[in-house]
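Coordinate inspection notes
These are the residues of each chain, in order.
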Amino acid sequence: MRYGIFDHVDRGAGSLSEFYEDRLKLVEKYDQAGFYAYHTAEHHATTLGMASSPSVFMSAVAQRTKNLKFGPLVYCLPQYHPVRLYEEICMLDQMSNGRFQLGVGKGISSIESGYYGLDGDDVTEIYQEYYQVLIEAMTSDELTFEGKHFSVKNMPLEMTPMQKPHPPIWHGLGNPQATAWPAEHGVNIISNHNASLMRQITDAYRAEWDKLGRDQADIPLMGMTRFMVIAETDDKAMAIGRRIYDVWYKSFMKLWWRHEQTPPLVVYTETFDEIVELGLAVAGSPETVKAVIDDHIAESGINYFLCRFAFGDITFEEAAYGVDAFTEMYLSN
């Protein structure tokens, strides 16, 4: 079992410069504690995502850490020029001495894609094409590609990633029926679902892996995320969780409310108590939290558990307490 971090990098209280510094101080703690990887979301025009330029934020992460792997989960590929993104990926992998993790997707928000002048009906096709461009570039000395949305001929590729043939690929997955492609291509997956549905996903992934005749010992990482609030007592943790989740939820819904729309694939509820009841958040003393996490891991069949320590208007001290407690429970041995 490996343990990692997922972070929307959603804005809380205080100035933005202080916010970034506190986040990077937490990233340093993740590195020192021995977490496997740090993953961030990409969002635009909303307080839900202050790492709206993942490569810029990740360049700071690369310089503030030594062992922690890191990357966006995901780059919203249709919003990029594929050649420019390819070069940024190579730079980050080289700057971090081969720690970069490449998360890819089309972007879940049609509203945010619209701000980039993209038609929601086109983003899946653009994503698939740009992904193909990236993979071909990773394994070529020069790039020739003829597509519907992008074309280039005999472009020299002076940059290459350190990891060969390319950095590990990550993809968000919520449908147990959609595991064939990631299994075939050896893609790591992450889901926000509860343990029961996550078991369906991990069982399906393992079945696809078996069909390919591959050793289960070599299966990619299959992870799920949990909001995580740890404090001295259960009551204190729940009080913190209610406060900070309310801020996070308003950021999550900000653009959808503005445009009078409902987000697709909604798994989040309006209150923290409900999200705890659904099993998508864990809050309590270290002893309470460990018992719940152990149950979730056993039920879900995952091999990668991701904590979401920093969200809403949580203070650095509140988040750091949770990181330290989790480290002592799971990473100090």
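Up top you'll find the structure we're talking about.
Residues numbered from 1 in each chain as written. Predicted model: local features only at pLDDT ≥ 70, side-chain atom pairs only at ≥ 80, totals over all residues. Heavy atoms only, no water.

This next bit is on the packing of helix 1 (residues 16–33) against helix 2 (residues 54–64). Contact geometry for helix 1 and helix 2: axes closest at 10 Å, N-to-C directions at 45 degrees. Comparing their axes, helix 2 and helix 1 come out oblique. Two packed elements cross with a definite hand, and for helix 1 against helix 2 that hand is right-handed. The residues of helix 2 that touch helix 1, namely those facing Tyr 20, Glu 21, Arg 23, Leu 24, Lys 25, Val 27 and Glu 28, are Phe 57, Ala 60, Val 61 and Arg 64. Split into classes, the residues belonging to the contact of helix 1 with helix 2 amount to six nonpolar, no polar and five charged. (Axes fitted to C-alpha atoms, helices over the stretch in contact; angles between N-to-C directions. Helix = DSSP H or I, 4+ residues; strand = E, 2+ residues; numbered from the N terminus. Parallel < 35°, antiparallel > 145°, perpendicular 65-115°, else oblique. Left-handed = near helix turned anticlockwise from the far one by under 90°. Contact = heavy atoms within 4.5 Å. Nonpolar A, V, L, I, M, F, W, Y, C, P; charged D, E, K, R; others polar.)

Our focus in this paragraph is the side chain of Asn 188. Among the structural elements, Asn 188 can be located in strand 9 (residues 188–191). A polar contact is formed between the side chain of Asn 188 and the backbone nitrogen of Leu 221, at a distance of 2.8 Å. (Polar contact = N/O pair within 3.5 Å; in protein donor to acceptor, adjacent residues only side chain to side chain.)

For the rest of this paragraph, the subject is a nonpolar patch on the surface. Taken together, the side chains of Met 91, Met 95 and Met 159 define a hydrophobic patch exposed on the protein surface, amounting to about 250 Å² of accessible area. Note on placement: Met 91 falls in helix 3 (residues 82–95). (Patch = residues over 30% accessible without salt bridge, like charges linked within 9 Å, V, L, I, M, F, W, Y side chains within 5 Å. Areas by Shrake-Rupley, 256 points an atom, 1.4 Å probe, with all protein chains shown as cover. Salt bridge = Lys/Arg side-chain N within 4 Å of Asp/Glu carboxyl O.)

We now examine helix 1. The end-to-end C-alpha distance of helix 1, which contains 18 residues, comes to 26 Å, matching closely the 26 Å that a straight helix rising 1.5 Å per residue would cover. Of the residues making up helix 1, those classed as buried are Phe 19, Arg 23, Leu 24, Leu 26, Val 27, Lys 29, Tyr 30, Asp 31 and Ala 33. Tucked into the core, helix 1 has its buried residues touching strand 1 (2–7), strand 2 (37–40), helix 2 and helix 11 (316–330). Positive phi appears at Gly 34, one or two residues downstream of helix 1, with a value of about 100 degrees. (Expected span 1.5 Å × (residues − 1). Buried < 20%, exposed > 50% of the residue type's maximum accessible area, 1.4 Å probe, protein only.)

What follows deals with the pattern of salt bridges. The final tally for this structure, using the stated rule, is 16 salt bridges. We note a salt bridge from Lys 25 to Asp 22, for which the minimum N-O separation is 3.8 Å. Separated by three residues within a single helix, Lys 25 and Asp 22 lie in helix 1, roughly one turn from each other. Ionic pairing is found between Lys 29 and Asp 324, a salt bridge with its closest N-O pair at 2.8 Å. Pair noted here: Lys 29 is in helix 1 and Asp 324 is in helix 11, with a separation of 295 residues, a long-range link. We classify Asp 324 as partly exposed; its relative accessible area is 42%.

Next up on the list: the packing of aromatic side chains. Taken as a whole and assessed by the stated rule, the structure comprises 33 aromatic pairs. Ring centres of Tyr 20 and Phe 57 lie 6.3 Å apart, and the angle between their planes is 45 degrees; this geometry places the pair in the tilted category. A residue pair is termed long-range when its members are at least 10 positions apart, and Tyr 20 in helix 1 and Phe 57 in helix 2 qualify at 37 residues. Taking the relative accessible area as the measure of exposure, Tyr 20 reaches 26% and is therefore partly exposed. Since its relative accessible area comes to 7%, Phe 57 is described here as buried. With 6.4 Å between their ring centres and 40 degrees between their planes, Tyr 127 and Tyr 131 make a pair best called tilted. Residue Tyr 127 and its partner Tyr 131 are located together in helix 5 (residues 123–138), separated by four residues, close to a single helical turn. (Phe/Tyr/Trp six-rings, centres within 6.5 Å; stacked < 30°, edge-to-face > 60°.)

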